[in-house]
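Remarks on the overall topology
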Amino acid sequence: MGMTITEKILAAHSGAKNVCPGDIINCRVDILLGNDITAPISIELFEKAGAKRVFNKEKIVFVPDHFAPNKDIQSAEQCKRLREFSRKHKIINYFEVGRMGIEHALLPEMGIVLPGDLIIGADSHTCTYGALGAFSTGIGSTDLAAAMINGKIWFKVPSTIKINLYGKLNRWVSGKDLILYIIGKIGVDGANYRSMEFCGEVIKNLNMDNRLTICNMAIEAGAKNGIIEPDKETLNYIKKKARRKYKMYKSDSDAKYEEILEFNCSRLEPQVSLPHSPENAQPVSEVGNIKIDQVVIGSCTNGRITDLIEAAKILKGKKVNPNVRLLVFPATQAVYKEALKKGLIDIFIDAEGVVSTPTCGPCLGGHMGVLAEGERAVATTNRNFVGRMGHTKSEIYLASPAVAAASAIMGRIASPEEVVGK
Amino acid sequence: MKLRGNVFKYGDNINTDEIIPARYLNTSDPKILGKYCMEDIDRDFTKKVRHGDIIVAGRNFGCGSSREHAPIAIKAAGVSCVIAKSYARIFYRNSINTGLPILECSEAADEAEMADKFEVDLDRGIIKNLTKCKTYKSQPFPKFVQGIIRAGGLMKWVKAGERE
Ligand code: SF4
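- Identification of chain B as 3-isopropylmalate dehydratase small subunit from Candidatus Schekmanbacteria bacterium GWA2_38_11 is taken from an unreviewed UniProt entry.
- Here is the UniProt Catalytic activity (unreviewed entry) comment for chain B, exactly as written: "(2R,3S)-3-isopropylmalate = (2S)-2-isopropylmalate".
- Listed under Pathway (unreviewed entry) in UniProt, the entry text for chain B is "Amino-acid biosynthesis; L-leucine biosynthesis; L-leucine from 3-methyl-2-oxobutanoate: step 2/4."

- Per an unreviewed UniProt entry, chain A is named 3-isopropylmalate dehydratase large subunit, and its organism is Candidatus Schekmanbacteria bacterium GWA2_38_11.
- Among the UniProt annotations of chain A, the heading Subunit (unreviewed entry) holds the following wording: "Heterodimer of LeuC and LeuD."
- Per UniProt, chain A carries the Catalytic activity (unreviewed entry) text "(2R,3S)-3-isopropylmalate = (2S)-2-isopropylmalate".

Following this line, the structure appears as structure tokens:
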């Protein structure tokens, strides 16, 4: 019987010829990831277990990005822990401030994660790398600690939901709108424990940045992983980055799916997810007159160069509404530099927005733009839970970079067409 | 293992930002995390919760981030067990790994109210609502997972095993 791409990657890493949903398997891991919030717990457990060395110093990646550059003394201590452990164990892929970026933007950009890999990370948005045709999933700090010792992790093989997106996208409809729309349809536990396989002509025509955005938010539907079959776009993307072997898997034509969902995307409008759940997605034209205080453009969901280009198209030659603070966060140093070269940073600053160094900062209400009581933000991030960006009585509206930029100018939630026309 | 405590009842999709807000993640000290448990959904939780009390919730409990700080905070707050209709995947795994007992039972979750008295037999998966005089059956963990919980988490279990 045929297998899905997810089943094939899991089988290959467990040494089995075939796997079926429900099988419990022990897998070899290609890349392990931790950050300044989750890895300190893993390091402590690693040391308490009496482990002397990590199973492979090339396969472990540590990125201080959440509360880095250090937001306070405690965060500084956590980052220090990561740094010292990395030095002691000669972890090659430790990315210091100045060389770092938000982990899920950084790893694909550096060619650290590749098609066919099995990747685990102590961060729920580790599912992002499925966009490259890898199996990648979020885990907790204990699982990370154990895998740091033996390079293995057990899984229950998930069943798969195939999501076929067809039609032709309207201008200003991006990967972000597609994933918000899908989560709006199936709910925040619509894919719990399962794999989401995205396919169809819409996906084929999307660039890698948009594909990364889609897989990034698979966890917001509860999925174990999101995945897209690698193709020409994937090859193009990794061509200059890959420094080791990789494998491009494809689902068999007779692979078994638990469910197949089809969405016609031709009439889709840009989407906005209302507080306090990503599943509250609505077309931007139906949101109504919602005044806002802050706009955040960035994060592991939408902080890549394509995202900044889209935002800049709308902000060019305009000024941000006087009642709004616009914060732009390039996701990595390389994105930042490219944005500089392309003149995007000028556009943002001329529009009277601020541009920050790469960090998770405002996305999780950490620092660099926390919301006060009663404030409203439009954010290109991935979660609009209560208190996620600050006060429990603040509100977050999730949207694409284009909608966020248009909203910054209008001072209320707005569609890009209102600013730049069709 | 038998547990007894009062119920703290919550709805569907309780996420990890509600269980322990990100602003407290600049530490992983259980004592500090426990002090802020459930703060963004129930300001009074940590004032009222007593050792052994039980959280009862709806669908998809623990959705959102992968932070292990969530089950750690719940345990450190004194909660003996969580009963929900279903769990988000990473939280489920993290609970076992950190030794927080969790059970799935829709009926018990539906019928429970704030401050009901519960008794839970973890080994057999039996949940009693003593206030409402009702008994429910849920799937107990397999023996080895019960072992992990009893040891206080995966790493402690592995270590204990090594010593034996
Ligand atoms: S940008 Fe936000 S969602 Fe992404 S890794 Fe950082 S905190 Fe998590």
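1. Describing the site of the ligand
Residue and element names in this part refer to chain A.
- Near the ligand the following residues occur: His66, Ile102, His104, Asp123, His125, Ser299, Cys300, Cys360, Cys363, Leu364, Asn382 and Arg388.
- Taking a 2 Å distance to the grid points as the criterion, the majority of the atoms of the ligand fall inside the largest cavity.
- Broken down by class, the residue content of the shell around the ligand amounts to 5 nonpolar, 5 polar and 2 charged.
- When we break the shell around the ligand down by domain, the ones giving at least three residues each are domain 1 (5-263) and domain 2 (273-416).

2. Side note on the UniProt feature "binding site: [4Fe-4S] cluster" (unreviewed entry) in chain A
Residue and element names in this part refer to chain A.
- Look at the UniProt record and you will see "binding site: [4Fe-4S] cluster" (unreviewed entry) annotated at Cys300, Cys360 and Cys363. A stretch of 64 residues holds the annotated residues, and the largest C-alpha distance among them is 9.2 Å, short enough that they meet in one place. From the set just named, the residues that line the largest cavity comprise Cys300, Cys360 and Cys363.
- Its relative accessible area of 7% is what places cysteine 300 among the buried residues.
- Setting aside residues up to four positions removed in sequence, cysteine 300 forms contacts with Ile102, His104, His125, Asn216 and Asn382.
- Setting aside its immediate chain neighbours within four residues, cysteine 363 contacts Ser299, Thr381, Arg388 and Met389.

3. Considering the UniProt feature "domain: Aconitase A/isopropylmalate dehydratase small subunit swivel" (unreviewed entry) in chain B
- This chain's UniProt record puts "domain: Aconitase A/isopropylmalate dehydratase small subunit swivel" (unreviewed entry) on residues 41-104 of chain B.
- With 34% helix and 17% strand, residues 41-104 of chain B has end C-alpha atoms that lie 21 Å from one another.

4. A word on the interface of chain B and chain A
- Residue-level contacts link 33 residues of chain B with 44 residues of chain A.
- Between chain B and chain A lies a buried interface of about 3200 Å² when both sides are counted; carbon and sulfur atoms form 50% of it.
- Where chain B packs against chain A, one counts 3 salt bridges.
- In this structure, Arg93(B) engages Asp143(A) in a salt bridge whose closest nitrogen and oxygen atoms are separated by 2.6 Å.
- At the surface where chain B touches chain A, the tally comes to 23 residue pairs in polar contact (both at pLDDT 80 or more).
- Listed by contribution, the elements that provide at least two residues to the side of chain B that touches chain A are helix H1 (16-19), helix H4 (69-76), helix H5 (89-98) and helix H8 (154-163) of chain B.
- The dominant element in the side of chain B that touches chain A, judged by the number of residues it contributes, is H5(B), at 7 residues.
- Of the residues that constitute the side of chain B that touches chain A, the class distribution is 9 nonpolar, 13 polar and 11 charged.

Thresholds, definitions, all that
- Residues numbered from 1 in each chain as written.
- Chains lettered and ligands numbered in written order.
- Predicted model: local features only at pLDDT ≥ 70, side-chain atom pairs only at ≥ 80, totals over all residues.
- Heavy atoms only, no water.
- UniProt positions renumbered as here; feature names shortened; annotations may be inferred.
- Near = heavy atom within 4 Å.
- 1 Å grid on protein atoms, 1.4 Å probe; cavity = no way out; pocket = protein on both sides within 12 Å on 5 of 7 lines; lining within 4 Å.
- Sits in = over half its atoms within 2 Å of the grid points.
- Nonpolar A, V, L, I, M, F, W, Y, C, P; charged D, E, K, R; others polar.
- Domains from an automatic or database assignment.
- Buried < 20%, exposed > 50% of the residue type's maximum accessible area, 1.4 Å probe, protein only.
- Contact = heavy atoms within 4.5 Å.
- Helix = DSSP H or I, 4+ residues; strand = E, 2+ residues; numbered from the N terminus.
- Buried area = accessible area lost by both parts, 1.4 Å probe.
- Salt bridge = Lys/Arg side-chain N within 4 Å of Asp/Glu carboxyl O.
- Polar contact = N/O pair within 3.5 Å; in protein donor to acceptor, adjacent residues only side chain to side chain.

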